[in-house]
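Descriptive structure summary
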Amino acid sequence: MRLLVTGGAGFIGANFVHLVLREHPEHEVTVLDALTYAGRRENLEGVAGSFRFVEGSVCDGGLVDDLVGATDAVVHFAAESHNDNSFLHPVSFVETNTLGTAVLLDAARRHGTRFHHVSTDEVYGELPLEGGERFRPDTPLAPTSFYSASKAGADLLVRAAARQFGVATTLSNCSNNYGPYQHVEKFIPRQITNILDGKRPKLYGDGRNVRDWIHVEDHNRAVLAVLEQGRVGETYLIGANGERSNREVLAAILEVMGKEPDFFEHVADRPGHDLRYAIDATKIRDELGWTPRYEDFRTGLAATVAWYEANEAWWRPEKRETEARYQTLGR
Ligand code: NAD
Ligand code: DAU
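Basis of the calculations
Residues numbered from 1 in each chain as written. Chains lettered and ligands numbered in written order. Predicted model: local features only at pLDDT ≥ 70, side-chain atom pairs only at ≥ 80, totals over all residues. Heavy atoms only, no water. Near = heavy atom within 4 Å. Polar contact = N/O pair within 3.5 Å; in protein donor to acceptor, adjacent residues only side chain to side chain. Areas by Shrake-Rupley, 256 points an atom, 1.4 Å probe, with all protein chains shown as cover. Helix = DSSP H or I, 4+ residues; strand = E, 2+ residues; numbered from the N terminus. Nonpolar A, V, L, I, M, F, W, Y, C, P; charged D, E, K, R; others polar. Core = buried A, V, L, I, M, F, W, Y, C linked by side-chain atoms within 4.5 Å. Buried < 20%, exposed > 50% of the residue type's maximum accessible area, 1.4 Å probe, protein only. Contact = heavy atoms within 4.5 Å. Salt bridge = Lys/Arg side-chain N within 4 Å of Asp/Glu carboxyl O.

1. Some points on the site of ligand 2
- Lining the immediate environment of ligand 2, one finds 23 residues, of which Thr120, Asp121, Tyr147, Arg270 and His273 sit closest.
- Thr120 has a polar side-chain atom sitting 2.7 Å from an oxygen atom of ligand 2.
- One of the side-chain nitrogen or oxygen atoms of Asp121 is found 2.5 Å away from an oxygen atom of ligand 2.
- Considered on its own, ligand 2 offers 690 Å² of accessible surface; in the complex 95% of this is hidden by protein.
- Of all elements in the fold, only α5 (187–196) and β8 (202–204) reach the threshold of two or more residues within the shell around ligand 2.
- Of the residues that constitute the shell around ligand 2, the class distribution is six nonpolar, nine polar and eight charged.

In structure tokens, the structure reads:
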């Protein structure tokens, strides 16, 4: 297959390209990425096989039309992905996440191209802390931030393109990823790199909020499974039964890095902070036989800590500016 991977220079997209070209050298990959603050060309260094990089935006209709016309399937990762940044420049989230997806779908409609959309569990809003309820493919969309609302808008456009234009779409909504190449703005890399800098990790509010953690490689294997075997028109939820409170995740990081359990500070909470996300992944497990390989969070976390320890040259250039942004936000 000729694959067009949007956002392939970012965290999950770059891991996806490495995985595909390592394990499926028969595929040809073109990456379209605008190289925003979150995208790095060097994330794709060392990829083997048939690979091409195009710098440009998913909002550029002419460029997108040319690329989609020359591909068999689009795997759409490109996005403004960080909730905290949507407090600083909310409209760019709608431009990239919603409008950019519309531009891609329009091209897929014209060229009859298969389209897989990578989305998030945040489109379903928040769950209560207690009760054990989990998101399912039929859970109503109820986003709570400009990030999640702009992604929910994209999800609705994907469903509309399937029904109105007959585009061969699939959609996946995944929970919180961790692993190599994740930007230092995100929770786990921020805390690891703070500790490496001798600074205290920062916990928002009381730290009781729960996220459902999955290793990025498990997410990407699930995306590949949906692309190759998923039923067109369907939505698959991806999660690895990885529910943990932020306090628990931080405690694990501190333990892995040999720090005292109280080596952190509480900072102001994120306004409107969603309490809990949790995925019921029965559908993808039963239909496609996908199962996560990183079932032990601590093993994946220790490997991730080791990656940041070994790759200071990768994260160092972003660290100061990222912390300056957090200073503006007061957290
Ligand atoms: P990221 O911020 O690390 O990477 C985003 C990439 O998109 C970057 O390379 C950036 O340069 C590129 N990009 C941004 N605007 C663009 C534009 N207009 N045109 C082309 N490229 C553009 O994000 P990520 O964490 O890798 O997330 C990738 C996708 O997965 C997103 O759609 C996100 O919503 C979704 N997702 C992320 C998570 C998570 O935990 N990180 C979980 C579920 C779903
Ligand atoms: O659920 C999937 C989503 O997970 C993806 O769609 C997003 O792209 C991804 O960024 C992530 O969103 P979150 O807002 O959950 O991720 P973040 O890493 O920013 O924060 C995880 C939790 O940790 C959240 O409850 C806020 C908290 N937090 C975050 C930071 C950066 C802290 O307590 N301290 C911090 O310094």
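2. A few points about the nonpolar core
- Residues Ile188 and Ile284 are the most contacted members of the largest nonpolar core, which totals 68 residues.
- When residues of this core are assigned to their parent elements, the largest contribution, eight residues, is made by helix α1 (residues 11–23).
- The residues touching Ile188, leaving out its near neighbours within four places in the chain, are Tyr178, Trp213, Val249, Ile253, Phe297 and Leu301.
- Val103, Leu104, Ala161 and Val167 belong to the second-largest nonpolar core, a separate cluster that totals 19 residues.

3. As for the site of ligand 1
- In the vicinity of ligand 1, 29 residues are found, and the nearest of them are Ile12, Asp33, Ser81, Tyr147 and Lys151.
- In the model, an oxygen atom of ligand 1 is placed 2.7 Å from a nitrogen or oxygen of the Ser81 side chain.
- Secondary-structure elements contributing two or more residues to the shell around ligand 1 are α1, β5 (114–120) and α4 (146–165).
- Broken down by element, the residue count for the shell around ligand 1 peaks at three residues, all from β5.
- Among the residues forming the shell around ligand 1, the class breakdown is 13 nonpolar, 13 polar and three charged.

4. Some words on the pattern of salt bridges
- Across all of its chains, the model carries 25 salt bridges by this definition.
- Taking the shortest distance from any N to any O, the salt bridge between Arg110 and Asp65 comes out at 2.9 Å. Note that Arg110 is positioned in helix α3 (residues 90–111) and Asp65 in helix α2 (residues 61–69), a separation of 45 residues in sequence.
- We note a salt bridge from Asp106 to Arg110, for which the minimum N-O separation is 2.9 Å. Taken together, the positions of Asp106 and Arg110, both in helix α3 and four residues apart, correspond to about one turn of that helix.

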